[in-house]
Amino acid sequence: MAQTSVLPPVLRESGQREVFCGLTSIVWLHRRMPDAFFLVVGSRTCAHLIQSAAGVMIFAEPRFGTAILGERDLAGLADANEELDRLVGDLLARRPEIRTLFLVGSCPSEVIKLDLAKAAERINTRMQGRVRVVNYSGSGIETTFTQGEDGALTSLVPLLPSNPEPQLLIVGTLADGVEERFLSLFARMGLETVRTLPPRQSTDLPPVGPGTRLLLAQPFVADTVRALERRGAQRIAAPYPLGVEGSCAWMAAAAAAFGIDPERVAAVLDPLAERGRRALEPLRRKLEGKRLFLLPDSQLEIPLARFLHRECGMELVEVGTPYLDRQLMAEELPLLPEGTQLSEGQDVEKQLERVRASRPDLVVCGMGLANPLEAEGFATKWSIELVFSPIHGCDQAADLAELFARPLNRRELLQWN
Ligand code: SF4
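This is a predicted model, so every value here is computed, not measured.

1. Overview of the overall build of the protein
- Within the protein one finds 17 helices and 14 strands.
- Its C-alpha atoms give the protein a radius of gyration of 22 Å, near enough to 22 Å, the size a compact globule of 417 residues would have.
- Taking the principal axes of its C-alpha atoms as reference, the protein extends roughly 60 × 55 × 40 Å.
- In the protein, which comprises 417 residues, the proportion classed as buried is 55%.
- For the protein, the proportion of contacts with a sequence separation of at least 24, taken over those separated by at least 6, is 75%.
- Across the protein, the mean location of the 46 positive side-chain charges is 2 Å away from that of the 54 negative side-chain charges.

The following block contains the structure:
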């Protein structure tokens, strides 16, 4: 591929990491599928993490919770399986509206080797189809942040009905409004059979088969893609729908895969792209020439860096990603400017030394590092906002750029000497 000739070798690091575990993805997944419940089998630490991440949402009708492993479970004195079955039985009796129950593994459940796959099987048999129980791991040992969504979606793949008919399947959570917009744009191009994974109702699972073409809305769904490919689906090669350029290329790639007349596609996309670029102009003026350092967090870093460089004129100092899947990034990497330093994994102290030495204008990082870096004089952008905000599509390009311009604006406004 072209990128090997223009990008220096990827800096691979392992050491102390400052990232969320996969449990965090429950916070957006439970909103996407309101008929599902996420039961973490873990410790008080896990319960605390989710409550902190979900903030005020814990006071609404909760659709997630933690089965806390006590000392007796951890010491092997209690039959954790029996206790789990009893707890799930109580939960489902109290909440008959739950249609899909995700048993989510954590570090403690993995360390004591609690077999949640077996537990899911056992409970499924007992419930006789009234509720579907699946399991995946969100543990910090195995998963980083958005990889939790990948695990949840992979666990749903075996439940998808089979259908060989041609259809487009969008994979990865999109904000509801953004999803509706994409569906209406595809319909205008003549692409009618478009489904999404995850669906809005956990029981309304899309079918899959040899006619299914996958269009990835998010870059962190590698395992889900492989599971869908094993069921006959094929991935459409495209960059991710961030910014005007990425979104247009993403939609055009899907249309081309279904043989839609490029003129018809252009008639839909051109006015959108034109409007998107015009909306971006004032933000480009703000961001142009500013130096950007992205720390690893969500796997969105590479497509974001591509957008911020190509459409907003930012210079890239380092682009960190927790994992680099070259296959799923094959269309993104050649779009990065020559010489972009990529890093995979993290050794946080070393990375912070590089931040300090390079003095970037903006650092994109997790919440644990943001305030300390602000105190050292760096402008920062919390990366978690990027998974909670509607950022996909041409219409959102300016809003996406605005997320990065805001901390720079705020810094200017707060200068008092
Ligand atoms: S799963 Fe592991 S990393 Fe995540 S909150 Fe629980 S103990 Fe911590």
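2. So, the environment of Ala-120
- Tracing the backbone shows Ala-120 in helix H7 (residues 116–127).
- Through-space distance from the C-alpha of Ala-120 to that of Thr-193 is 32 Å; in sequence the pair is 73 residues apart.
- Contacts of Ala-120, omitting those with residues within four sequence positions, involve Leu-103, Val-133, Val-134 and Asn-135.

3. Focus: the pattern of salt bridges
- Applying the stated criterion across every chain yields a total of 30 salt bridges.
- Salt-bridge contacts for Asp-395 lead to Arg-181; the nearest nitrogen and oxygen are separated by 2.5 Å. You can see Asp-395 sitting in the loop between helix H16 (385–388) and helix H17 (397–413) and its partner Arg-181 sitting in helix H9 (residues 176–189), a full 214 residues away along the chain.
- Across the pair Glu-288 and Arg-284 runs a salt bridge whose closest N-O atoms are separated by 3.0 Å.
- Given the relative accessible area of 23%, Arg-284 is considered partly exposed.
- Three or more residues joined by partner-sharing salt bridges are found here, namely Arg-32, Asp-176, Glu-179, Glu-180 and Arg-200.

4. What to know about the site of the ligand
- Looking at the ligand, the residues that line it are Cys-21, Leu-23, Cys-46, Leu-49, Ser-106, Cys-107, Pro-108, Ser-139 and Gly-140.
- Looking at the shell around the ligand, the elements that each hand over two or more residues are helix H3 (44–54) and helix H6 (107–111).
- In the shell around the ligand, the residues fall into 6 nonpolar, 3 polar and no charged.

5. Focus: the sheet that holds strand E4 (residues 100–105)
- With parallel pairing, 4 strands are arranged side by side in an open sheet as E3-E2-E4-E5. Both edges of this open sheet fall to strand E3 (64–68) and strand E5 (132–137), since each of them pairs with a single strand only. When the angles between neighbouring strand axes are averaged without regard to direction, this sheet yields 25°.
- Two strands pair when backbone bridges link them, and strand E2 (residues 36–42) and E3 are joined in this way by 5 bridges, in the parallel orientation. Opposite Val-40, over in E3, you have Thr-66 as the bridge partner.
- Lying on the sheet, H3 is in contact with E2 and E3; it crosses E3 at an angle near 165°.
- On top of the sheet, helix H8 (residues 147–156) reaches E4 and E5; it is set at about 145° to E5, its chief contact.

6. Topic: the nonpolar core
- Core analysis: the biggest nonpolar cluster contains 107 residues, and Phe-38, Phe-102, Phe-186, Leu-228, Met-251 and Phe-404 have the highest contact counts within it.
- Setting aside residues up to four positions removed in sequence, Phe-102 forms contacts with Met-33, Ala-36, Phe-37, Phe-38, Leu-39, Val-134, Tyr-136, Ala-152, Ser-155 and Leu-156.
- In terms of nonpolar packing, the next biggest core, distinct from the first, is built from 21 residues, Val-41, Ala-67, Leu-116 and Val-133 among them.

7. Overview of helix H11 (residues 243–257)
- End to end, H11 covers 21 Å across 15 residues, agreeing with the expected 21 Å (1.5 Å per residue, within 8%).
- Of all the residues in H11, the buried ones are Gly-243, Val-244, Gly-246, Ser-247, Cys-248, Trp-250, Met-251, Ala-253, Ala-254 and Ala-255.
- Of the residues flanking the end of H11, it is Gly-259, one or two places downstream, whose phi is positive at about 65°.

8. Thoughts on the packing of H8 against helix H10 (residues 222–230)
- Taken N-terminus to C-terminus, the directions of H8 and H10 make an angle of 20°; their axes are 7 Å apart at the nearest point. Regarding the angle of H8 to H10, the classification is roughly parallel. Both H8 and H10 take part in a crossing whose hand is left-handed. Within the contact between the two elements, H8 uses Asp-150, Leu-153 and Thr-154 and H10 uses Ala-222, Asp-223, Thr-224 and Ala-227.
- Of the residues assigned to the contact of H8 with H10, the class counts are 3 nonpolar, 2 polar and 2 charged.

Conventions used here
- Residues numbered from 1 in each chain as written.
- Predicted model: local features only at pLDDT ≥ 70, side-chain atom pairs only at ≥ 80, totals over all residues.
- Heavy atoms only, no water.
- Helix = DSSP H or I, 4+ residues; strand = E, 2+ residues; numbered from the N terminus.
- Rg over C-alpha atoms; globule rule 2.2 N^0.38 Å.
- Buried < 20%, exposed > 50% of the residue type's maximum accessible area, 1.4 Å probe, protein only.
- Contact = heavy atoms within 4.5 Å.
- Lys, Arg positive; Asp, Glu negative; His and termini not counted.
- Charge placed at Lys NZ, Arg CZ, Asp CG, Glu CD.
- Salt bridge = Lys/Arg side-chain N within 4 Å of Asp/Glu carboxyl O.
- Near = heavy atom within 4 Å.
- Nonpolar A, V, L, I, M, F, W, Y, C, P; charged D, E, K, R; others polar.
- Pairing = 2+ DSSP bridges.
- Axes fitted to C-alpha atoms, helices over the stretch in contact; angles between N-to-C directions.
- Core = buried A, V, L, I, M, F, W, Y, C linked by side-chain atoms within 4.5 Å.
- Expected span 1.5 Å × (residues − 1).
- Parallel < 35°, antiparallel > 145°, perpendicular 65-115°, else oblique.
- Left-handed = near helix turned anticlockwise from the far one by under 90°.

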